[in-house]
Amino acid sequence: MGADAGLDGVVVAQTRLSDVDGEAGELVIAGESVEKLAARATFEQACALLWDEKSVDLGPARQAAFARLQGLGTALDAPDGMDALRAATAHLPQESTKAEITAAVGVFAAVWARRQHSLTLLPPDARLTHAADLLRMMRGEPAPEPLVRGLDAYLVTVTDHGMNASTFTARVIASTGSDLVSAVVGAIGALKGPLHGGAPGPVLDMLEAVGAAANAESWLGAELAAGRRIMGMGHRIYRVRDPRAAVLEKAVEGLEAAGFTTGRLTLARAVERAATQVLARRYPDRQLQANVEFYTAVLLDTLGLPRGAFTPAFAAGRTAGWVAHVDEQRRTGRLIRPASRYSRDPC
Ligand code: COA
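These remarks concern the structure in this document. What you are looking at is a predicted structure, and each value in this text was computed from that prediction instead of being measured.

### Topic: the packing of helix H9 (residues 180–191) against helix H15 (residues 310–332)
Here comes step 1: With their axes 9 Å apart at the nearest point, H9 and H15 run at an angle of 135° to one another. One way to sum up the angle between H9 and H15 is to call them oblique. Along this stretch, H9 crosses H15, giving a crossing that reads as right-handed. Contact residues: H9 offers Leu180, Ala183, Val184, Ala187, Ile188 and Leu191, while H15 offers Thr311, Phe314, Ala315, Thr319, Trp322, Val323, Val326 and Arg330.

### A short note on the pattern of salt bridges
Here comes step 1: The full count for this structure, using the stated rule, is 23 salt bridges.
Here comes step 2: Between Arg86 and Asp83 there is a salt bridge, with the nearest N and O atoms lying 3.3 Å from each other. Taken together, the residues Arg86 and Asp83, both in helix H4 (residues 81–90) and three residues apart, mark about one turn of the helix.
Here comes step 3: On the basis of relative accessible area, Arg86 is assigned to the partly exposed category, the value being 33%.
Here comes step 4: Note that Arg139 and Glu141 form a salt bridge whose closest N and O atoms lie 3.3 Å from each other.
Here comes step 5: Using a relative accessible area of 43% as the deciding quantity, one classes Glu141 as partly exposed.
Here comes step 6: Here the residues in one salt-bridge network are Asp205, Glu208, Arg264, Asp301 and Arg307, joined through shared partners.

### Some details on helix H13 (residues 265–282)
Here comes step 1: In a regular helix each residue adds 1.5 Å, so 18 residues correspond to 26 Å; H13 covers 25 Å between its end C-alpha atoms and thus fits that length.
Here comes step 2: For H13, the elements touching its buried residues are helix H10 (200–210), helix H11 (216–225), helix H12 (243–257) and helix H14 (292–302).

### A word on the sheet that holds strand E3 (residues 32–33)
Here comes step 1: Overall, antiparallel pairing links the three strands, which are arranged E1-E2-E3 in an open sheet. In this open sheet, the two strands that pair with only one neighbour each are strand E1 (18–21) and E3.
Here comes step 2: With four bridges connecting them, E1 and strand E2 (residues 26–29) associate as antiparallel partners. Bridge assignment links Asp19 to a residue of E2, and that residue is Val28.

### A closer look at unusual backbone geometry
Here comes step 1: Located in the positive-phi region is Ala30, a residue other than glycine, with phi close to 45°.
Here comes step 2: Note on placement: Ala30 falls in the loop between E2 and E3.
Here comes step 3: The buried category is assigned to Ala30, whose relative accessible area is 19%.
Here comes step 4: Positioned with a positive phi, Asp52 is a non-glycine residue whose angle comes to about 55°.
Here comes step 5: Assignment of secondary structure puts Asp52 in the loop between helix H2 (43–51) and helix H3 (59–67).

### Brief notes about the site of the ligand
Here comes step 1: The environment of the ligand is made up of 19 residues, and the closest members are Ile230, Gly232, Met233, Arg236 and Arg286.
Here comes step 2: Here a nitrogen atom of the ligand sits 2.8 Å away from a polar atom, N or O, in the main chain of Met233.
Here comes step 3: The side chain of Asn291 places a nitrogen or oxygen atom 2.9 Å from an oxygen atom of the ligand.
Here comes step 4: If the ligand stood free it would expose 860 Å²; the protein chains cover 76% of that surface.
Here comes step 5: Because more than half of its atoms lie within 2 Å of the grid, the ligand is assigned to the largest pocket.
Here comes step 6: Of the residues contributing to the shell around the ligand, the split by class is 10 nonpolar, five polar and four charged.

### Side note on the packing of helix H8 (residues 165–175) against H15
Here comes step 1: H15 packs onto H8 with a crossing angle of 35° between their chain directions and a minimal axis gap of 9 Å. Seen from above, H8 lies across H15 with right-handed handedness. Together, Ser166, Thr167, Ala170, Arg171, Ala174 and Ser175 of H8 and Arg318, Trp322, His325, Val326, Glu328, Gln329 and Thr332 of H15 make up the contact between the two elements.

### Remarks on the packing of aromatic side chains
Here comes step 1: Under the criterion given, the structure shown has one aromatic pair.
Here comes step 2: Summarising the aromatic geometry, the rings of Phe294 and Tyr295 are spaced 5.2 Å apart at their centres and angled 55° between planes, so their arrangement reads as tilted. As far as the burial class goes, Phe294 and Tyr295 line up, both buried.

### A few points about H14
Here comes step 1: Within H14, 11 of the 11 residues are buried, which leaves it mostly tucked inside the rest of the structure.
Here comes step 2: Within the sequence span of H14, burial applies to Val292, Glu293, Phe294, Tyr295, Thr296, Ala297, Val298, Leu299, Leu300, Asp301 and Thr302.
Here comes step 3: Summarising the contacts, the buried residues of H14 are in contact with helix H7 (145–157), H10, H12, H13 and H15.
Here comes step 4: With a side-chain oxygen positioned 2.8 Å from the backbone nitrogen of Glu293, the residue opening H14 is Asn291.
Here comes step 5: Looking one or two residues past H14, Gly304 carries a phi angle of roughly 90°, positive in sign.

### Some thoughts on the layout of surface pockets
Here comes step 1: Of the volumes computed, that of the largest pocket is approximately 1700 Å³.
Here comes step 2: Residue lining of the largest pocket: 48 residues in total, with Asn164, Leu195, His235, Arg236 and Ile237 positioned closest to the centre.
Here comes step 3: Looking at the lining of the largest pocket, the elements with two or more residues in it are E1, H8, H13, H14 and H15.
Here comes step 4: A class-by-class count of the residues in the lining of the largest pocket yields 23 nonpolar, 15 polar and 10 charged.

### Some thoughts on the pairing of E2
Here comes step 1: Burial along E2 is one-sided: Leu27 and Ile29 are buried, while Glu26 and Val28, pointing the other way, are not.
Here comes step 2: Counted between consecutive antiparallel strands, the loop separating E2 from E3 contains two residues, among which Ala30 sits at a positive phi close to 45°.

What counts and how
Residues numbered from 1 in each chain as written. Predicted model: local features only at pLDDT ≥ 70, side-chain atom pairs only at ≥ 80, totals over all residues. Heavy atoms only, no water. Axes fitted to C-alpha atoms, helices over the stretch in contact; angles between N-to-C directions. Helix = DSSP H or I, 4+ residues; strand = E, 2+ residues; numbered from the N terminus. Parallel < 35°, antiparallel > 145°, perpendicular 65-115°, else oblique. Left-handed = near helix turned anticlockwise from the far one by under 90°. Contact = heavy atoms within 4.5 Å. Salt bridge = Lys/Arg side-chain N within 4 Å of Asp/Glu carboxyl O. Buried < 20%, exposed > 50% of the residue type's maximum accessible area, 1.4 Å probe, protein only. Expected span 1.5 Å × (residues − 1). Pairing = 2+ DSSP bridges. Near = heavy atom within 4 Å. Polar contact = N/O pair within 3.5 Å; in protein donor to acceptor, adjacent residues only side chain to side chain. Areas by Shrake-Rupley, 256 points an atom, 1.4 Å probe, with all protein chains shown as cover. 1 Å grid on protein atoms, 1.4 Å probe; cavity = no way out; pocket = protein on both sides within 12 Å on 5 of 7 lines; lining within 4 Å. Sits in = over half its atoms within 2 Å of the grid points. Nonpolar A, V, L, I, M, F, W, Y, C, P; charged D, E, K, R; others polar. Phe/Tyr/Trp six-rings, centres within 6.5 Å; stacked < 30°, edge-to-face > 60°. Points joined across faces, edges and corners; volume = space filled by probe spheres on them.

Dropping the structure here:
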């Protein structure tokens, strides 16, 4: 028996939370296409759908998270935002609710970003929506409405995505009967990796290194020749372009039309085209196209987030999905305990 190292295609849970069709390039979140949901919903509305609640208000929970900062010691001083999130989230009380944890991860991400640049912290304003308040806390001033819409579109788009690695991690932890905070802390650790949620910062590095469209093909070719992966390209499930790339690209377009631009969209599109071609030549039997991280980088940069805060922002959105999966796992799941094949040979 060979080992199925990547568990490709293995079904480990039944879920009502999201459905990924990798052949068609379609994503449904809580019964609605990602395109429609991202265009109409706030993050709180998406949480309500995922958590099967009438409405969700994260304001008081943001304030509660902020009130905990003093007790966190140096957790949020870690130079890596995901290390900081993991350490700070681990301080939350075990009995924390879905709303409390979800709000806290967003607040910790915003506070970490401010601290990294030695900027003063703004306490949360519970009257604002989650996206408006997180942007305000990160920028140090209220955010214009189009930027708030942009962050909402981002957070909604990344709330859930089938049995991705961090969600699986959360479900494995939940399946042992452990607590919600532990499940989220483990999931943060999984999301940190560059093959999962750690790619958008490097995507921006890549756009900067390429510099101009004319350099894209040779730069990308050299990366492949050196045995490196092109960040923001390829996906385990999608055999076509990740539908979330289109949603986020459209969000950037909307921001440009409203006068908010970094001027990177044109270059990003050229680099995406070149990367698709270079990868098609190298892997003719495999469709390697843009994934969610590609335009995450461009969108979050346009929103003014520092690149170290990109993956923490991903965590702030995905926590909504993680905590919903933990609920499902607890209701219907069985201890997740696969098998291994013993061999004396080194692996
Ligand atoms: N750049 C270069 N090569 C890539 C690649 C990329 N972005 N994505 C896949 N490949 C290569 C693999 O190395 C593999 O080559 P090999 O057979 O010589 O080892 C081949 O293409 C097939 O890979 P595949 O089975 O499609 O990849 P996977 O399912 O194991 O991995 C990812 C999926 C997402 C981890 C992978 O595409 C990747 O590393 N992408 C870059 C990181 C990224 O953007 N992560 C965010 C994901 S949302």
